[in-house]
Amino acid sequence: MENNLEGTGERKLQCNDVSKCFQLLESILDGNETPDSQEVLKSKLAKCQPCFEHYHLEAAIKEVLRTKCTKHEVPSQLVEDIRQKIEEIK
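This one's a predicted model, so the numbers in the text were calculated from it and none came from an experiment.

## Looking at the overall build of the protein
Now for step 1: What the protein contains, in helices and strands, is 4 helices and 0 strands.
Now for step 2: When the helices and strands of the protein are listed from N to C terminus, the series reads α-α-α-α.
Now for step 3: Against the 2.2 N^0.38 benchmark of 12 Å for 90 residues, the protein shows a C-alpha radius of gyration of 22 Å, more extended than a compact globule.
Now for step 4: Expressed as lengths along the three principal axes of its C-alpha atoms, the size of the protein is roughly 70 × 25 × 20 Å.
Now for step 5: Counting the 90 residues in the protein, one finds 16% classified as buried.
Now for step 6: Considering only contacts within the protein whose residues lie at least 6 apart along the sequence, 62% involve residues at least 24 apart.
Now for step 7: Computed over 13 positive and 17 negative side-chain charges, the separation of the two mean positions in the protein equals 1 Å.

In structure tokens, the structure reads:
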């Protein structure tokens, strides 16, 4: 018997098609949505614990990358020092 108890708020503990589901979740997170993908996502997350966990982990990683990995200006003196060291090594 599968642990898919719709209506009780519990999620099944194993996903029946991990690679397909994770592909869908990542596609949605990347902004490649189809008209019905939000409904599919909502349904999937409500029913499947592995998909729920994967989605929220990927969403958190993408948020960190979006907010923390920004382009910073490198001081020109540092650039020149690095170039000089490279020339000395050659």
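## Concerning helix α1 (residues 18–29)
Now for step 1: Taking 1.5 Å per residue, 12 residues should reach 16 Å; α1 reaches 16 Å between its end C-alpha atoms and fits that length.
Now for step 2: Contacts from the buried residues of α1 go to α2 (37–47) and α3 (49–68).
Now for step 3: Of the residues trailing α1, Gly31 is marked for its positive phi of about 90°.

Here is what the cut-offs are and how they apply
- Residues numbered from 1 in each chain as written.
- Predicted model: local features only at pLDDT ≥ 70, side-chain atom pairs only at ≥ 80, totals over all residues.
- Heavy atoms only, no water.
- Helix = DSSP H or I, 4+ residues; strand = E, 2+ residues; numbered from the N terminus.
- Rg over C-alpha atoms; globule rule 2.2 N^0.38 Å.
- Buried < 20%, exposed > 50% of the residue type's maximum accessible area, 1.4 Å probe, protein only.
- Contact = heavy atoms within 4.5 Å.
- Lys, Arg positive; Asp, Glu negative; His and termini not counted.
- Charge placed at Lys NZ, Arg CZ, Asp CG, Glu CD.
- Expected span 1.5 Å × (residues − 1).

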